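The chain contents come next:
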Amino acid sequence: NAGVTQTPKFQVLKTGQSMTLQCAQDMNHNSMYWYRQDPGMGLRLIYYSASEGTTDKGEVPNGYNVSRLNKREFSLRLESAAPSQTSVYFCASTWTDNYGYTFGSGTRLTVV
Amino acid sequence: SQQGEEDPQALSIQEGENATMNCSYKTSINNLQWYRQNSGRGLVHLILIRSNEREKHSGRLRVTLDTSKKSSSLLITASRAADTASYFCATGDSNYQLIWGAGTKLIIKP
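Fair warning: this is a prediction, and the values are worked out from it, not measured in the lab.

Caption draft 1: Examining the pairing of strand β3 (residues 19-25) of chain A more closely. All names here are of chain A. For β3, a buried count of five out of seven residues is recorded, marking the element as mostly surrounded by other parts of the structure. Pairing analysis gives four bridges linking strand β1 (residues 4-7) to β3, with the strands arranged antiparallel. For Q6, the partnering residue across the bridge sits in β3 and is C23. Judged from the three bridges that link them, β3 and strand β8 (residues 74-78) form a sheet pairing that is antiparallel. The residue of β8 that forms the bridge with M19 is L78.

So this is what it looks like as structure tokens:
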């Protein structure tokens, strides 16, 4: 099925551990995004990639890094996980601005 | 920072009734989008209305946009149990970013 695929779906990390969240889309979209969603809140943008070869910080980039590996893939790395990074992470993609986004099903991350 | 502010925060109605949710925003926009999120799942894009449009329909959904008041409304007609979800508005400009509201939680009672 066409769409955005995120892996893993669930992850538990210990404080200080690192991990990479993977995201891939097969719709030939230009722009890709990483969001986090905390209870009772809307989405907050961590990083985005407007097009292949570019990445930019969003609202809450501290503690994260990203790589736009190619047009399909956009990964999010936590170098040293902290309990404050416990959240649900969503990847999304779109053609460009003025189009709707397609979201992945999310990664539920717990940092203990 | 959140630009879209949804109202109400929660809404509970009987199946078959209409549900109306509102969204207000602060700055100029290129478009306004509505998304649905079922519990524990990813967001699904419902409808996008551009800044030069005033009303848009998609099935049982009707969205209006009033740029002079910086507000939008989402109307779901003839609600069904499957419409139970959280609904988010998001505003887009030319900066490749959407700014999201905190959402309206809609419960449809059988």
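Read on, since the account is not over.
Caption draft 2: Summary view of the packing of aromatic side chains. According to the stated counting rule, one finds 11 aromatic pairs over all chains in the structure shown. Measuring from ring centre to ring centre gives 5.7 Å for F103 of chain A and Y35 of chain B, while their planes differ by 85°; the resulting arrangement is edge-to-face. Taken together, the residues span two chains, with F103 of chain A in strand β10 (residues 102-103) and Y35 of chain B in strand β4 (residues 31-37). The burial state of F103 of chain A is the same as that of Y35 of chain B; both residues are buried. Ring geometry for Y35 of chain B against W100 of chain B: centres 4.9 Å apart, planes inclined by 50°, an arrangement best described as tilted.

Caption draft 3: Examining the pairing of strand β6 (residues 55-58) of chain B more closely. All names here are of chain B. Judged from the four bridges that link them, β6 and strand β7 (residues 61-66) form a sheet pairing that is antiparallel. When the sheet's bridge partners are listed, K56 is paired in β7 with V63. Hairpin geometry of β6 and β7 is characterised by an intervening segment of two residues between the two adjacent antiparallel strands and by a positive phi of about 60° at G59.

Caption draft 4: Local environment of the pattern of salt bridges. One pass over the structure, following the stated rule, counts six salt bridges over all chains. Notably, a salt bridge pairs R77 of chain A with E79 of chain A, separated by 3.2 Å at the nearest N-O pair. By relative accessible area, which is 42% here, E79 of chain A ends up partly exposed. The residue R60 of chain B makes a salt bridge to D83 of chain B at a minimum N-O spacing of 2.9 Å. Here R60 of chain B, found in the loop between β6 and β7, pairs with D83 of chain B, found in the loop between β8 (71-76) and β9 (85-92); they are 23 residues apart in sequence, far enough to count as distant. The network of salt bridges with common partners includes R36, D38 and R44 of chain A.

Caption draft 5: Quick peek at the state of the cysteines. Residues and elements named next belong to chain B. For the structure shown, the criterion picks out two disulfides over all chains. Disulfide pairing is shown between C23 and C89; the S-S distance is 2.0 Å. Taking the sign of the S-S torsion, 65° for the link of C23 and C89, the bridge is right-handed. Here C23, found in strand β3 (residues 19-24), pairs with C89, found in strand β9; they are 66 residues apart in sequence, far enough to count as distant. By relative accessible area, which is 1% here, C23 ends up buried.

Calculation notes
Residues numbered from 1 in each chain as written. Chains lettered and ligands numbered in written order. Predicted model: local features only at pLDDT ≥ 70, side-chain atom pairs only at ≥ 80, totals over all residues. Heavy atoms only, no water. Buried < 20%, exposed > 50% of the residue type's maximum accessible area, 1.4 Å probe, protein only. Helix = DSSP H or I, 4+ residues; strand = E, 2+ residues; numbered from the N terminus. Pairing = 2+ DSSP bridges. Phe/Tyr/Trp six-rings, centres within 6.5 Å; stacked < 30°, edge-to-face > 60°. Salt bridge = Lys/Arg side-chain N within 4 Å of Asp/Glu carboxyl O. Disulfide = S-S within 2.5 Å.

Taken by themselves, the reported measurements are silent on function.
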